[in-house]
There are 6 protein chains.
Amino acid sequence: MLLHHATWPEVETYLKRCKGIVIPIGSTEQHGPNGLVGTDAICPEVIATEAGAEAGFLVGPTFNVGIAQHHLGFPGSMTLRPSTMIAVINDWTESLLRHGFKRIYFFNGHGGNITTISAAFAEFYAQWSLDAEPCPARLMQRNWWELPGVMDTCRTLFPVGEGSHATASEVSVTQYALPHAIKSVAMSPKIAPSGSFTDAADYRARFPDGRIGSDPSQATPEKGAQIVAVAKQALIADVAEFFEIKPAAAAAQ
Amino acid sequence: MLLHHATWPEVETYLKRCKGIVIPIGSTEQHGPNGLVGTDAICPEVIATEAGAEAGFLVGPTFNVGIAQHHLGFPGSMTLRPSTMIAVINDWTESLLRHGFKRIYFFNGHGGNITTISAAFAEFYAQWSLDAEPCPARLMQRNWWELPGVMDTCRTLFPVGEGSHATASEVSVTQYALPHAIKSVAMSPKIAPSGSFTDAADYRARFPDGRIGSDPSQATPEKGAQIVAVAKQALIADVAEFFEIKPAAAAAQ
Amino acid sequence: MLLHHATWPEVETYLKRCKGIVIPIGSTEQHGPNGLVGTDAICPEVIATEAGAEAGFLVGPTFNVGIAQHHLGFPGSMTLRPSTMIAVINDWTESLLRHGFKRIYFFNGHGGNITTISAAFAEFYAQWSLDAEPCPARLMQRNWWELPGVMDTCRTLFPVGEGSHATASEVSVTQYALPHAIKSVAMSPKIAPSGSFTDAADYRARFPDGRIGSDPSQATPEKGAQIVAVAKQALIADVAEFFEIKPAAAAAQ
Amino acid sequence: MLLHHATWPEVETYLKRCKGIVIPIGSTEQHGPNGLVGTDAICPEVIATEAGAEAGFLVGPTFNVGIAQHHLGFPGSMTLRPSTMIAVINDWTESLLRHGFKRIYFFNGHGGNITTISAAFAEFYAQWSLDAEPCPARLMQRNWWELPGVMDTCRTLFPVGEGSHATASEVSVTQYALPHAIKSVAMSPKIAPSGSFTDAADYRARFPDGRIGSDPSQATPEKGAQIVAVAKQALIADVAEFFEIKPAAAAAQ
Amino acid sequence: MLLHHATWPEVETYLKRCKGIVIPIGSTEQHGPNGLVGTDAICPEVIATEAGAEAGFLVGPTFNVGIAQHHLGFPGSMTLRPSTMIAVINDWTESLLRHGFKRIYFFNGHGGNITTISAAFAEFYAQWSLDAEPCPARLMQRNWWELPGVMDTCRTLFPVGEGSHATASEVSVTQYALPHAIKSVAMSPKIAPSGSFTDAADYRARFPDGRIGSDPSQATPEKGAQIVAVAKQALIADVAEFFEIKPAAAAAQ
Amino acid sequence: MLLHHATWPEVETYLKRCKGIVIPIGSTEQHGPNGLVGTDAICPEVIATEAGAEAGFLVGPTFNVGIAQHHLGFPGSMTLRPSTMIAVINDWTESLLRHGFKRIYFFNGHGGNITTISAAFAEFYAQWSLDAEPCPARLMQRNWWELPGVMDTCRTLFPVGEGSHATASEVSVTQYALPHAIKSVAMSPKIAPSGSFTDAADYRARFPDGRIGSDPSQATPEKGAQIVAVAKQALIADVAEFFEIKPAAAAAQ
Ligand code: NI
Ligand code: NI
Ligand code: NI
Ligand code: NI
Ligand code: NI
Ligand code: NI
């Protein structure tokens, strides 16, 4: 169930049986010559939507602009400052707690978000810790590509040129999700260079077409479908474990 | 063209012919017994998407959680604090300026956002004004229901019970956009009470099922289609006027 | 009664009979060739002071620098950033709540403040809404020129050239309030151009002497007296309605 | 010349001969049984206004709510948080720099403001220092009671019971400034206790009627006139020295 | 060379030959029954100080309170909010850039800091990326236990009960650094439980004496000396690589 | 007892007999040709450490980077913005209150910190004052040179050329604390010029080698030992008075 497609009485009913929600969280940033600017938001959104529909959990709005300062050398990339993102995550989380949500699962599609999401969690918990009150909710984040089985699938599908940005896998997932938006673009070199980076100028100088270590020309919607199928089941299992409030854990809080 | 469905080279090409972008901006909040929590995001998103496809302008990611503190008495509603929203709009806007965008059109679906968006614009311009440098970009916001012809259409379709929150028209638009998410719910009284409000407790006490002045049981997807058709053409015209950079105006800036 | 001219025991006594206070709120910005930089603060201050003296309500300190980034192209204009103003309004409001004030009426003299004041109210209410506690106070803002009867009076006095900034009416009110500060200045064209604006550079380019649509050379202190007389009575009535805590409303909160 | 009573062309003309401005800065807080809540704003305002009129320097709007958290136990007191006040002083100062002001003299009426004003100056200078650019302006603050000759006058007028809050002198100054607002109130003990304090609860417990060490029943408007006369001349001299931009100093900057 | 033990002319001279600095960064938090509250600051400080002395690089002040909200259930633990820490790291970094430092190496002793340090780096780079200017400096962080060879040494010394908080290794390092502060404390169970945690209440409920998975009763100053010796050499090598500004990299920036 | 050298059970035990803690607070800034960059942190740290060891009170981590924007013209100086420092002091203080500390004594070594520390205290108290709750803790700051007897000692040791920055006394204290870091540097003129300053550019222009009014070539570790001995005893007495919670004061709070 998508929160945006539900009514408030439906949410009220849902909360009687489950206190958990999944928030897809991505980025708006360049993904190389044939990858979509929305890739990192689209991937967790499509996986979470299918999993939520199958397993009956609630999926909140997609957090669609994240930490992408290093991609600003490429048109269309957008970023939040980390301090802004911390404030936003805090407001979203406080809103959900207000309604009694106790498990908030940020389902992440962008490596650049990970540390800021984690910092946001510490900011949120800090208020409770400083007030010497147990926080009634637990927050977690999971990257879609780290769900059990997903990386194995990707490696099998793309033994060469998976890469670390604008990967063959994530481009495949978006091609599955949005077949009308498949791009056919020539890329050279076939496999992009690898390495690290700092700011936007540094990134663009090192990775001229935006890719890092990848050959996303291998992407196909069929491979995307395979990845989504694996990720969906893994997400359902992961969420089920996180949402269940075990007696001991509840006591600990 | 949706930014999320484009590649960065496509955005680069777009910027050679047009410096404008439309950002749908909504809210995540209760919309009464049969209105979707995502209504205020879905309405501008669907209108902008159709208009952008027809007219060839770029549509950015939907700003999907806005100012909805007064709806927090109803499960599923989420809010930003205005100070947070100002920071986010500033980060989005700075990102777009970085790429050379000079016209940013926030296409709004939520009355509660209007004043904070306006404050955010002043915050953004203030930096330029204090630095005594002309700002290279212009920002504007437009509510979808205020586009020429839209209110007339709504009044014709719903002469009674249009209301001001969870309106018959906006529910119709979401039914058009998401026919699989149409809800059939009994409401009483037929037309909800009207009035003003302050915080969430006050709102819920005055408007027990969330509606203000409306009878959204009249909504149909067909009526939604009519509204969207009118709004789409009006948006295309409004955007065309805003995006065009007239020589005199450019000189003034 | 002016708060600044009262002692704390007098305020304590006042609070036993009334929980309301009026805060004049204005701006420090250019008002054309013959309008005072303090016009937008002076107008609500003089009206509120006279009304408070007659009706016995408390008038707080004047909030004298507001949102005027667009006027910074003219010497003497000062601005707060909207985020700063939100913080200040929050501190003022929290201070007043501490003493038991339950009705805070911001009496505004500057169009550029309206949206930021509104955003500040949402920021203030949000804390209560997120905490799921009813806010014990209600905030409102009113522009002096929107009080019943005031615009009619202005239009009657100035059928041509009232304008929208540095208006004939507001200049008249300041001439009534400060007869020793009446300026005699030639203006050309007689009626200033009209239009919209963005930042300070844009404003100054469009409106070279600072006026928008007005001919304030028509201003006289006598006309100002007429406007103040009408506004004073309307303010007394408006405040009386707002300050009265009706049983039903109290229950709703 | 008061900024609020001037037009922008008058300010423009002023800036050709002088780059300095005086900002009265006070507080809105209890001042004991017969002292006005606005005392700390009224005192610097009246002295600065008279001095500015005599010496021809510009006086800006009065900063009328300062740091008074410790007075919040008494009705009518209002406070900014120091972080808010720093932001406001920064915005005011940036606005004035925009117009070419190079000497900004904060003329202070409240001991509780001193350290926050100083912190605000460091915040303002820090941006320039971090950017390795010389700041084009100099900021200073002066308490009115520390001007040469003022304390001597106060001690002569009130050899006993001058005190440190709600002093006989400051109450006299307000009686001179606002003879219609003179209060006749019995106080006991004649001289209030002395000591230090932390927060509002602590202050009220130690100083039940708000005074510290003072006997303001001695205040008279005539004594206030004497104090203002001394302070006015001292302010004129102090400002003259500060505003003059000596060649060497200018080079050093 | 320690910055705190140097004079400014010495720093000036240093900058002629090297643009790099190492900042030890730790935490003030409980480290179990026999671990020092300062453990996470002491470890990187002692390693960096010895390495800096041997290799001649500059070591800045120790950042000694970090993100430890989860330890607040134990007396003596102190935390920054992540948003505060981001602001501090930004101010430190801006200060160093002012002097021409181009390589800032945060040498970290606390796992809980990692993500916030990373977010702070993104916050810092974002300003440059949004301004479309290449950042003249590079920032990196390294955890002392992740330097080549260190973990191997720890595992060899403590094949059982190394743990993940209040580890045998870090306690050993502090015993080496501060032999007068070695504590002899009985612990039970011998090896503490393992697991994850959220806020302070959750942490204390799961890990009653503060340790996670460790048996720090095995710690000795001699083992600490071995660890420091390995870490020191690895740090020297790591810093040497980071500080060297290669022509290509410089051009890329 | 140093907090960093204690375990949490030791802190727990300490809190049963004493609710007070001393926080050395300094700066990282140039101190002239022979003064250490860490002087202002080292001085209070060494005095507090010796006093705490003798008298048995707890000494927290040293706050080692303060307000030094005016020193940024000299390599190695680092600053916080005052708004950042207020946030940090608030986080430190909230952390300590969490554990039951009721007396927090900031022992300061840098004149530039004084006003911001004071503003931070007001920020902290303001939350309690606005919430109408008595703050359970008291904060104070003391400069080490203002302890009874210290200035007399300094004047006796250095009748000429003590100065106000990079003083003969503070350099002596650091020579006592760090005899291996004594610098032998020629200075000219023997006594540095005196005066005030604004930002970093202004400071460097007025005081080319960083000193103000001092001749620190007179410094010796022996004189430093004398100063520390006097300051230590004075600190013990001052802390004892502050930490004792007298019945009346407790009731007042
Ligand atoms: Ni990606
Ligand atoms: Ni709506
Ligand atoms: Ni006006
Ligand atoms: Ni006073
Ligand atoms: Ni550790
Ligand atoms: Ni010093």
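Residues numbered from 1 in each chain as written. Chains lettered and ligands numbered in written order. Predicted model: local features only at pLDDT ≥ 70, side-chain atom pairs only at ≥ 80, totals over all residues. Heavy atoms only, no water.

Quoted verbatim from the Cofactor (unreviewed entry) field of the UniProt record, the comment on chain A reads "Zn(2+)". (UniProt positions renumbered as here; feature names shortened; annotations may be inferred.)

(A) Structural context of the coordination of the nickel ion (ligand 4). Residue and element names in this part refer to chain D. On the protein side, the nickel ion (ligand 4) has His31 (NE2), Asp40 (OD) and Glu170 (OE) as donor atoms, found 1.9 to 2.2 Å from it. Read from N- to C-terminus, the donor residues coordinating the nickel ion (ligand 4) fall into the pattern H-x8-D-x129-E. You can see Asp40 sitting in helix 2 (residues 39-55) and its partner Glu170 sitting in helix 6 (residues 168-177), a full 130 residues away along the chain. Neither Asp40 nor Glu170 differs from the other in exposure class; each is buried. (Donors = N, O, S within 2.8 Å, 3.2 Å for Na, K, Ca; no water. Helix = DSSP H or I, 4+ residues; strand = E, 2+ residues; numbered from the N terminus. Buried < 20%, exposed > 50% of the residue type's maximum accessible area, 1.4 Å probe, protein only.)

(B) Main features of the coordination of the nickel ion (ligand 5). Residue and element names in this part refer to chain E. Distances from the nickel ion (ligand 5) to its protein donors, His31 (NE2), Asp40 (OD) and Glu170 (OE), fall at 1.9 to 2.1 Å. Mapped onto the sequence, the donors of the nickel ion (ligand 5) take the spacing H-x8-D-x129-E. Of this pair, His31 sits in the loop between strand 1 (20-25) and helix 2 (39-55) while Glu170 is found in helix 6 (residues 168-177), placing the two residues 139 residues apart along the sequence. Note on accessibility: His31 and Glu170 belong to one class, buried.

(C) Highlighting the packing of aromatic side chains. Per the counting criterion, the structure on display carries 78 aromatic pairs over all chains. With 6.5 Å between their ring centres and 85 degrees between their planes, Phe197(D) and Phe207(D) make a pair best called edge-to-face. Pair noted here: Phe197(D) is in the loop between helix 6 and helix 7 (200-206) and Phe207(D) is in the loop between helix 7 and helix 8 (221-243), with a separation of 10 residues, a long-range link. Grouping aromatic residues by their ring pairs yields a cluster made of Trp8(A), Phe74(B), Phe197(B), Tyr203(B) and Phe207(B). Its end group placed over the ring of Phe242(D), Arg103(D) keeps NZ or CZ at 5.9 Å from the ring centre. (Phe/Tyr/Trp six-rings, centres within 6.5 Å; stacked < 30°, edge-to-face > 60°. Lys NZ or Arg CZ within 6 Å of the ring centre and 35° of its normal.)

(D) Geometry of unusual backbone geometry. Cis geometry marks the peptide bond from Ser188(B) to Pro189(B), where omega comes out at 0 degrees. Residue position: Pro189(B) is located in the loop between helix 6 (168-177) and helix 7 (200-206). Positive phi values are uncommon outside glycine, yet Ala166(A) reaches one of about 60 degrees. In this fold, Ala166(A) is placed in the loop between helix 5 (150-157) and helix 6 (168-177). Residue Ala166(A) is classed as buried on the basis of its relative accessible area of 0%. With a phi angle near 60 degrees, Ala132(B) is a residue other than glycine that sits in the positive phi range. Note on placement: Ala132(B) falls in the loop between helix 4 (114-130) and strand 4 (138-143). On the basis of relative accessibility, which here comes to 47%, the residue Ala132(B) falls in the partly exposed class.

(E) How the structure looks around the sheet that holds strand 2 (residues 58-59) of chain A. Residue and element names in this part refer to chain A. Spatially, 2-1-3-4 is the arrangement adopted by the 4 strands of the open sheet, whose pairing is parallel. Each edge of the open sheet carries a strand with a single partner, namely strand 2 and strand 4 (138-143). Looking at chain direction, strand 1 (residues 20-25) and strand 2 are connected through 2 bridges and run parallel. From the neighbouring strand, Ile21 faces strand 2, where its bridge partner is Leu58. Across the sheet, helix 8 (residues 221-243) is in contact with strand 1, strand 3 (103-108) and strand 4; its angle to strand 3 comes to roughly 155 degrees. (Pairing = 2+ DSSP bridges. Contact = heavy atoms within 4.5 Å. Axes fitted to C-alpha atoms, helices over the stretch in contact; angles between N-to-C directions.)

(F) Molecular detail of the side chain of Arg211(C). Looking at the secondary structure, you find Arg211(C) in the loop between helix 7 (200-206) and helix 8 (221-243). In this structure the side chain of Arg211(C) is engaged in a polar contact, spanning 2.9 Å, whose partner is the backbone oxygen of Ser214(C). (Polar contact = N/O pair within 3.5 Å; in protein donor to acceptor, adjacent residues only side chain to side chain.)

(G) Representation of the environment of Gly149(F) within the structure. Here Gly149(F) is to be found in the loop between strand 4 (138-143) and helix 5 (150-157). Judged by its relative accessible area of 31%, Gly149(F) is partly exposed.

(H) Representation of the side chain of Asn34(A) within the structure. Along the polypeptide, Asn34(A) turns up in the loop between strand 1 and helix 2 (39-55). Separated by 3.2 Å, the side chain of Asn34(A) and the backbone oxygen of Pro216(A) make a polar contact. In contact with Asn34(A), other than residues within four places in its own chain, are Val171(A), Gln175(A), Lys183(A), Val185(A), Met187(A), Pro216(A), Ser217(A) and Thr7(B).

(I) Molecular detail of the confidence of the model for chain A. All names here are of chain A. Scored by pLDDT, chain A has a mean of 95; 96% of the residues are at 70 or more. Low pLDDT, under 50, characterises residues 246-253; the predicted model gives this stretch 13 contacts beyond four residues in sequence or across chains. Scored as a complex, the prediction yields pTM 0.96 and ipTM 0.96. (pLDDT = per-residue confidence, 0-100.)

(J) Region of interest: the packing of helix 5 (residues 150-157) of chain E against helix 8 (residues 221-243) of chain E. Residues and elements named next belong to chain E. At a minimum axis separation of 9 Å, helix 5 and helix 8 run at an interaxial angle of 160 degrees. The orientation of helix 5 relative to helix 8 falls into the category roughly antiparallel. Considering the relative orientation of helix 5 and helix 8, their crossing is right-handed. When helix 5 is examined against helix 8, the residues Val150, Thr153, Cys154 and Leu157 are found in contact with a partner set consisting of Lys223, Gln226, Ile227, Val230 and Ala231. (Parallel < 35°, antiparallel > 145°, perpendicular 65-115°, else oblique. Left-handed = near helix turned anticlockwise from the far one by under 90°.)

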